[in-house]
Amino acid sequence: MTAAATRPGSTTRGLLRAIRPRQWSKNLLVLAAPVLSGELAEGDVVRQTSIAFVAFCCAASGVYLINDAGDIEADRAHPTKRNRPIAAGIVPQRTAYVVGVVLNLVAVALALLAGWELAVVVTTYLVMSAVYSRWLKHEPVLDIAIIASGFLLRAIAGGVASGIELSQWFLLSASFGSLFMAAGKRYAEAALDDPGLVRRSLTRYTPTYLRFVWTMSAGLLIMTYGLWAFELADDADGSPLFVASMAPFVLAVMRYAVSIDAGVAGEPEEIALRDRVLQVLALVWLVLVAGAVYL
């Protein structure tokens, strides 16, 4: 460990990197249910959804710190993860554990402000993350399921916090979308020169199997969203905007699949932040859905 790494300022900056604020974009999934329900503009919904967002930011950052502290030796042998603040020695392992636990407790406390239901969702996320980190990340199929569940719980949290009833189509679309991204993440990791160095479960996957999973998930995601869009159009007195939203939605799935197929979808939030075409498609989709819901 260098002298610079031990300075308080370096540790603070290292912690800010270690909590991975760029990955907080995934927590925007809590907005899905309020937006699609047409209730996002209501004051109580805004407050409750904001609490859910902040709670998941704290929970996710706490999980990152604890996981990185526990995987410190493996990360130091990894070609890119060795540069993470904890593996690089910028943030002491003990400090990472303490701050991680504090953030997890803050997440649950914040969730309780929005109701015990949200607290249950956040606690479930934390428990699943702990079980994943300790055991299931080495188990093929189960590891993908846990990663997908993390995305799904974020989508559920927005509805639970705001008291919005989640339709079966919303849950199905969110589930297959989560599985699509999780399988794409594993596909990217399996494309590394030595995937076994990243995690043991990757040695038990083949590229064709992972391609099957993310291809299947993409197809089911498009199908369920399409059926949902037609149902929403009927409920909205025949508004064509829900059906029209299928076009940017399908194109966005296809665009994201390009990154998966290229083996660069290891960090979904990075794709979302740098792919301008994907961002435009998402904006067009949002405008169409908002027009159908709020006009």
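Just above sits the structure.
Residues numbered from 1 in each chain as written. Predicted model: local features only at pLDDT ≥ 70, side-chain atom pairs only at ≥ 80, totals over all residues. Heavy atoms only, no water.

Caption draft 1: Focus on the environment of glutamate 267. In this fold, glutamate 267 is placed in the loop between helix H13 (246–261) and helix H14 (268–274). A residue is classified by how much of its surface remains accessible, and glutamate 267, at 28% relative accessible area, is partly exposed. For glutamate 267 and alanine 182, which are 85 residues apart along the polypeptide, the C-alpha to C-alpha distance reads 9.7 Å. Filtering out sequence-adjacent residues up to four positions away, glutamate 267 remains in contact with Gln23 and Lys185. (Helix = DSSP H or I, 4+ residues; strand = E, 2+ residues; numbered from the N terminus. Buried < 20%, exposed > 50% of the residue type's maximum accessible area, 1.4 Å probe, protein only. Contact = heavy atoms within 4.5 Å.)

Caption draft 2: Fine view of the pattern of salt bridges. Applying the stated rule across the entire model yields seven salt bridges. One salt bridge in this structure joins aspartate 275 and arginine 255, with 3.0 Å as the shortest N-O distance. Separated by 20 residues along the polypeptide, aspartate 275 in the loop between H14 and helix H15 (276–294) and arginine 255 in helix H13 bring together distant segments of the chain. Shared partners join several salt bridges into a network, and the residues in it are Arg20, Asp68 and Arg84. (Salt bridge = Lys/Arg side-chain N within 4 Å of Asp/Glu carboxyl O.)

Caption draft 3: Seen up close, H15. For H15, spanning 19 residues, the distance from its first C-alpha to its last is 26 Å, which sits close to the expected 27 Å at 1.5 Å a residue. Buried within H15 are the following residues: Leu278, Leu281, Leu288, Val289, Gly291 and Ala292. Each buried residue of H15 lies within a common arc of 160° when the element is viewed along its axis, so the set occupies one face. With respect to the buried face of H15, the exposed residues turned more than 90 degrees away are Arg276, Val280, Leu283 and Val287. Where H15 is buried, its residues meet helix H3 (32–37), helix H11 (207–235), helix H12 (241–244), H13 and H14. (Expected span 1.5 Å × (residues − 1). Arc of directions from axis to C-beta.)

Caption draft 4: Representation of a nonpolar patch on the surface within the structure. Taken together, the side chains of Val141, Tyr209, Phe212 and Met216 present a nonpolar region at the surface, about 350 Å² in accessible area. Tracing the chain through its elements places phenylalanine 212 in helix H11. (Patch = residues over 30% accessible without salt bridge, like charges linked within 9 Å, V, L, I, M, F, W, Y side chains within 5 Å. Areas by Shrake-Rupley, 256 points an atom, 1.4 Å probe, with all protein chains shown as cover.)

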